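# Tertiary structure, described
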Amino acid sequence: MRHGTLGAGAPALPGPSPVKEDGKPTAARPGDEDDGLSSVNEVLQRAAATLLGRLSPLVDRALARLRTEVVHYASPLLAPPDVAQSTHVALEIAVGSLASPERFGESGERAWAVGRKRAAQGIPLLAVMQAYRIGASVIWDGLVETVLEESPADAQLMVYAAHDFWRWVERDMNLLKESHRERTLGLPPDDGRRLLPALKALLRGHSDPLDLSGAAVILELPLTARYAVIRLSGPEAVRPFEAAVREEVAGIQLNWCPYTDGQVVVALLRDRTLEQLRDVVPLGPGVRGGLSPVVDGLAQLRRARDLAELALGISRRDGELAALEDRMSAGFVLSRPDLATELITRILGKVMELDAPDRRLLMETLEVWLDCQGSAGRAGELLYCHRNTVLNRLRRLERLTGLLLDRPRDLVDLALALDAYRLHGDGR
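The notes below deal with the structure included here. Fair warning: this is a prediction, and the values are worked out from it, not measured in the lab.

### Digging into the packing of helix α12 (residues 328-335) against helix α17 (residues 408-424)
- Closest axis-to-axis distance for the α12/α17 pair is 9 Å, and the angle between their directions is 55 degrees. Between α12 and α17, the angle is such that the two are oblique. The two elements α12 and α17 cross, and the hand of that crossing is right-handed. The residues of α17 that touch α12, namely those facing Ser 329, Ala 330, Val 333 and Leu 334, are Leu 416, Asp 419, Ala 420, Leu 423 and His 424.

Here it is in structure tokens:
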């Protein structure tokens, strides 16, 4: 079974749907100007729940129309042998998906599976699409009839529900068409030409629940799971072709997406950690990388990509995969270059007046000393000088800045100023 869209939210509401970060629509509060939107969902779900108990007549109506309106299905020789059973299953899943928000994604998975199956049976795509639209039409007629019978006062809301319903049908038909095409052309399930557009859409921030659930089916990714994004940059990171690549490494699924000057990697972590992810994505010469924090769903991949881009900006050297979680302060500094400039001027004003070699020596000494957890001895070993030399340089820095490294607030200011110097000064 495909991971797909299980756990996706209810159908999108008319117009731009308000969504949470998990990709599910938010419910409007009573009294809000959007209160009618919530009522549309409720009416649609109640009607679908009632319709589930009346499924047999619905299946009979759909089969009768299939056998009279679709030439391929009208012929006993051409029609698929399981058409009756398949129609019953398809309608049950579709109506159940409308009745229960937690089942919303099942219809997309079913559409994908049907497209592949019918292509393997040699049934033309046009016939399959006609059959699917007939099934949708029968369901819609059943929903309208149910509302008119059970709650006629709500009938006017079905005008708005029609927008949601047919957008949902369009999503499933697009999935059916894509899977039929994929199977007909003999494309492998992980063909990069198919995966790339869906990956790029998610990384651009498509947050509509229907778009998210459709992409989840195509990519065979769970809508809600632990993800992280890596941004790689450098000539050696550029792939020469426009296709995505998927691979499994040490329990982590990596989805490689070509980017303008490198790669973006969407990692499905499952139960793995960011450290384990860093171990399976080694960076070669001339490549720098930025690693986002963990996010909990496909709806947050745009945010994760932005954070990975920020982490890339704080990478100090080629071959380094910088994790934003390890250098949050640098991330703050990088995201506000105007404040970083102010910080450099206010804290490091006199330091910046020194000759470049002298200035860089002091700032490098501070950086190494901080990396060594304040140990002058270890810092001296890395800088190839005596510990007293390290201390003398730090005291000189204190005199120039008027700050003391043994005062916590002063130390924070100097550490932030160092990040600003590295990222926005001449320390890169």
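### Here's the deal with the side chain of Asp 410
- Following the sequence through the fold, Asp 410 ends up in helix α17.
- Leave out the neighbours within four places in its chain, and Asp 410 touches Leu 403 and Leu 404.

### Brief notes about the packing of aromatic side chains
- Applying the stated criterion across every chain, the model contains three aromatic pairs.
- On the numbers, 5.0 Å between centres and 90 degrees between planes, the contact of Phe 165 with Trp 166 is edge-to-face.
- For Phe 165, a relative accessible area of 1% gives the class buried.
- Note on Trp 166: relative accessible area 28%, which makes it partly exposed.
- Note on Phe 165 and Trp 168: the rings are 5.4 Å apart at their centroids and 55 degrees apart in plane angle, and the pair reads as tilted.

### What about the sheet that holds strand β3 (residues 252-259)?
- Spatial strand order, β2-β3-β4-β1-β5-β6: six strands in an open sheet with mixed pairing. The outermost strands of the open sheet, each flanked by one partner alone, are β2 (245-249) and β6 (321-323). Looking at each pair of strands side by side, their axes are set apart by 20 degrees on average, direction ignored.
- The pairing of strand β1 (residues 227-233) with strand β5 (residues 288-291) spans four bridges and is antiparallel. Across the sheet, Ser 233 pairs through a bridge with Arg 288, a residue of β5.
- Here helix α11 (residues 301-313) sits on the sheet in contact with β1, β3, β4 (262-268), β5 and β6, set at roughly 40 degrees to β1.

### With respect to the pairing of β5
- Relative to β6, β5 runs parallel, the two sharing three bridges. For Gly 289, the partnering residue across the bridge sits in β6 and is Leu 321.

### Describing the nonpolar core
- If you look at the biggest cluster of nonpolar residues, it comprises 45 residues, and the most contacted ones within it are Leu 58, Tyr 73, Ile 139, Leu 143, Met 158, Phe 165 and Trp 168.
- Put simply, the parts of the chain that give this core at least two residues each are α1 (35-52), α2 (55-69), α4 (83-99), α5 (106-120), α6 (125-150) and α7 (158-185).
- At twelve residues, α6 tops the list of elements feeding residues into this core.
- Beyond its immediate chain neighbours, meaning those up to four positions away, Phe 165 contacts Leu 98, Ala 136, Ile 139, Trp 140 and Leu 143.
- Core analysis: the next-biggest nonpolar cluster, separate from the first, contains 35 residues, Ala 322, Leu 324, Leu 366 and Leu 394 among them.

### Comments concerning the packing of α5 against α7
- It is the contact of α5 with α7, at a shortest axis distance of 7 Å, that shows an interaxial angle of 35 degrees. With respect to the hand of their crossing, α5 and α7 are arranged in right-handed fashion. Where α5 abuts α7, its residues Ser 107, Gly 108, Ala 111, Trp 112, Val 114, Gly 115, Arg 116, Arg 118, Ala 119 and Ala 120 lie against Trp 168, Arg 171, Asp 172, Leu 175, Leu 176, Glu 178, Ser 179, His 180, Glu 182, Arg 183 and Thr 184.
- Of the residues in the contact of α5 with α7, the class split is eight nonpolar, six polar and seven charged.

### Some thoughts on the pattern of salt bridges
- Taken as a whole and assessed by the stated rule, the structure comprises 22 salt bridges.
- In this structure, Glu 150 engages Arg 54 in a salt bridge whose closest nitrogen and oxygen atoms are separated by 2.9 Å. In this pair, Glu 150 sits in helix α6 while Arg 54 sits in the loop between α1 and α2, placing the two residues 96 residues apart along the sequence.
- Here Glu 178 makes a salt bridge to Arg 181, at a shortest N to O gap of 3.4 Å. In this pair, Glu 178 and Arg 181 are both assigned in helix α7, three residues apart and thus about one turn of the helix distant.
- Exposure remark for Arg 181: the relative accessible area of 42% places this residue in the partly exposed category.
- The network of salt bridges with shared partners includes Arg 54, Glu 149 and Glu 150.

### Focus on the pairing of β4
- With seven of its seven residues buried, β4 lies for the most part within the structure.
- Here seven bridges tie β1 to β4, and the two strands are oriented antiparallel to one another. Paired with Tyr 227 across the strands is Leu 268, a residue of β4.
- Alignment of β3 against β4, held across seven bridges, turns out to be antiparallel. Its bridge partner being in β4, Cys 257 is matched across the sheet by Val 264.
- Taking the residues that link successive antiparallel strands as the turn, the β3-β4 hairpin has two residues.

What counts as what
- Each chain has its residues counted from 1, following the order in which its sequence is written.
- Thresholds applied to this predicted model are a pLDDT of at least 70 for local features of residues and 80 or more for the giving and counting of side-chain atom pairs; totals over whole chains, interfaces and linings are not thresholded and use all residues.
- Note that water and hydrogens are dropped before the side-chain values are worked out from all heavy atoms of the structure.
- Axis lines are fitted to C-alpha atoms, over the contacting stretch for helices. Their N-to-C directions set the angle, which ranges from 0 to 180 degrees.
- For the purposes of this entry, the term helix denotes a DSSP run of H or I that reaches at least four residues, the term strand denotes a run of E that reaches at least two, and both are numbered from the N terminus.
- Convention used here: angles under 35 degrees read as roughly parallel, angles over 145 as roughly antiparallel, angles from 65 to 115 as roughly perpendicular, and any remaining angle as oblique.
- The sense of a crossing depends on the near helix, which, turned anticlockwise from the far helix by less than a right angle, makes the crossing left-handed and, turned clockwise, makes it right-handed.
- A contact between two residues is defined here by any heavy atoms of the two lying within 4.5 Å.
- Put simply, two rings from Phe, Tyr or Trp (the six-membered ring, in Trp's case) pair if the centres are within 6.5 Å, and we call them stacked under 30 degrees between planes, edge-to-face over 60, tilted for the rest.
- We call a residue buried when its accessible area falls under 20% of the maximum for its residue type, exposed when it is over 50%, and partly exposed in between, using a 1.4 Å probe and counting protein chains only.
- Whether two strands pair depends on DSSP finding at least two bridges between them.
- In this text, buried Ala, Val, Leu, Ile, Met, Phe, Trp, Tyr and Cys residues form a nonpolar core when linked through side-chain atoms within 4.5 Å.
- Residue type decides the class: Asp, Glu, Lys and Arg count as charged, Ala, Val, Leu, Ile, Met, Phe, Trp, Tyr, Cys and Pro as nonpolar, and the leftover types, Gly among them, as polar.
- When a carboxyl oxygen of Asp or Glu lies within 4 Å of a side-chain nitrogen of Lys or Arg, that pair is called a salt bridge.

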